[in-house]
Amino acid sequence: MILALSGSSIDGSLYSYVVELARRSPAWWNDMVTAWSAYGLAVFAVLMAAAWWRSRRVGARAAVAALAVPLVVVLAYGVNSLVKLLVHEIRPCRTLHMVTLESCPARTDWSFPSNHAAIAAAAAVALLVISRRLGAVACVGAVAMAASRVWVGAHYPHDVAAGLLTGALVAYVVMKALLRRPETLARRLAATRLRPLLVA
């Protein structure tokens, strides 16, 4: 079943306020937010790589958990994309016809929920499970990513909130399930060609 969600009736006025505020903001600030919105997900990839590199020195169990993080992020993206296909919410920049910092995506590039927010939240929560320090940095980045997607005009606030929730829930559930028996997974992987990925 496909639901046709009308996002403007939920928080269209808040979206309009934020986009109008962005239009009146300094160019240097808007350039910074736009760059983060477009390329900020690369920072999460760097954090995942750092978590894996550090985990190899701790042991195979920690390395298995770190290697699971990008897989969890991909799964969260898949779940979020499925929701997008079920809920056909047209982008706010098309519904409200506002001038935005980011070019308005194609009409069939649905808005709810935000993939950027889901990916960022999934990475943040998965990283929190294995490293509080890296996870905390990723959490700040995830909130900044979600806010930036509204600022540039790509999403309604409820889109990014739903994306954050979806990514966080998927990451939490899957990481907890994967790490119930980390020793077993570590032993099995250590006996394969993947051993160099587990031990420094």
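Look up: the structure comes first, before these words.
Residues numbered from 1 in each chain as written. Predicted model: local features only at pLDDT ≥ 70, side-chain atom pairs only at ≥ 80, totals over all residues. Heavy atoms only, no water.

Trainee: Explain the overall build of the protein chain to me, and be specific about the residues and the numbers.
Mentor: Check the secondary structure of the protein chain and you find ten helices and zero strands. Start at the N end of the protein chain and walk to the C end: the helices and strands fall as α-α-α-α-α-α-α-α-α-α. Looking at the protein chain as a whole, 43% of its 200 residues qualify as buried. For the protein chain, the proportion of contacts with a sequence separation of at least 24, taken over those separated by at least 6, is 79%. Just so you have it, the protein chain exposes about 10700 Å², and 67% of that area is on carbon and sulfur atoms. (Helix = DSSP H or I, 4+ residues; strand = E, 2+ residues; numbered from the N terminus. Buried < 20%, exposed > 50% of the residue type's maximum accessible area, 1.4 Å probe, protein only. Contact = heavy atoms within 4.5 Å. Areas by Shrake-Rupley, 256 points an atom, 1.4 Å probe, with all protein chains shown as cover.)

Trainee: Summarise the packing of helix 6 (residues 115–130) against helix 8 (residues 157–178); cite the residues concerned and give the values.
Mentor: Put simply, helix 6 and helix 8 touch, their axes get as near as 7 Å, and they point 35 degrees apart. Of the two elements, helix 6 crosses helix 8, and the hand of that crossing is right-handed. Along its contact with helix 6, which presents A117, A118, A121, A122, V125, A126, V129 and I130, the element helix 8 presents V160, G163, L164, G167, A168, A171, Y172 and M175. In the contact of helix 6 with helix 8, the residues fall into 14 nonpolar, two polar and no charged. (Axes fitted to C-alpha atoms, helices over the stretch in contact; angles between N-to-C directions. Left-handed = near helix turned anticlockwise from the far one by under 90°. Nonpolar A, V, L, I, M, F, W, Y, C, P; charged D, E, K, R; others polar.)

Trainee: Mind laying out the pattern of salt bridges, listing which residues take part and the relevant values?
Mentor: Counted under the stated rule, the structure contains four salt bridges. R91 serves as the salt-bridge partner of D109, at 3.0 Å between the closest nitrogen and oxygen. Taken as a pair, D109 in the loop between helix 5 (92–95) and helix 6 and R91 in the loop between helix 4 (60–86) and helix 5 lie far apart in primary sequence, 18 residues in all. The network of salt bridges with shared partners includes E20, R23 and R24. (Salt bridge = Lys/Arg side-chain N within 4 Å of Asp/Glu carboxyl O.)

Trainee: Describe helix 6, with residues and values.
Mentor: Here helix 6 spans 23 Å end to end across 16 residues, near enough to the 22 Å set by a 1.5 Å rise per residue. Taking burial as the measure, the 16 residues of helix 6 include twelve buried ones, the bulk of the element. Residues of helix 6 that are buried: N115, A117, A118, I119, A120, A121, A122, A123, A124, V125, A126 and L127. Where helix 6 begins, one side-chain oxygen reaches toward the backbone nitrogen of H116, 3.4 Å away; that side chain belongs to S114. (Expected span 1.5 Å × (residues − 1). Polar contact = N/O pair within 3.5 Å; in protein donor to acceptor, adjacent residues only side chain to side chain.)

Trainee: Which residues make up the state of the cysteines, and what values go with them?
Mentor: Within the structure shown, the criterion is met by one disulfide. In this model, C93 is linked to C104 through a disulfide, with the two sulfur atoms separated by 2.1 Å. Negative torsions about the S-S bond denote left-handed disulfides, and the value of about 80 degrees found for C93 with C104 makes this one right-handed. Of the two residues, C93 sits in helix 5 while C104 sits in the loop between helix 5 and helix 6, which places them eleven residues apart along the sequence. Taking relative accessible area as the criterion, C93 reaches 8% and is therefore assigned buried. Classification of C104 as partly exposed rests on a relative accessible area of 29%. (Disulfide = S-S within 2.5 Å.)

Trainee: Lay out a nonpolar patch on the surface with the relevant residues and their values.
Mentor: Taken together, L14, Y17 and L21 make up a surface patch of nonpolar side chains, about 280 Å² in accessible area. Along the chain, L21 turns up in helix 1 (residues 8–24). (Patch = residues over 30% accessible without salt bridge, like charges linked within 9 Å, V, L, I, M, F, W, Y side chains within 5 Å.)

Any functional reading would require information beyond the geometric quantities listed.
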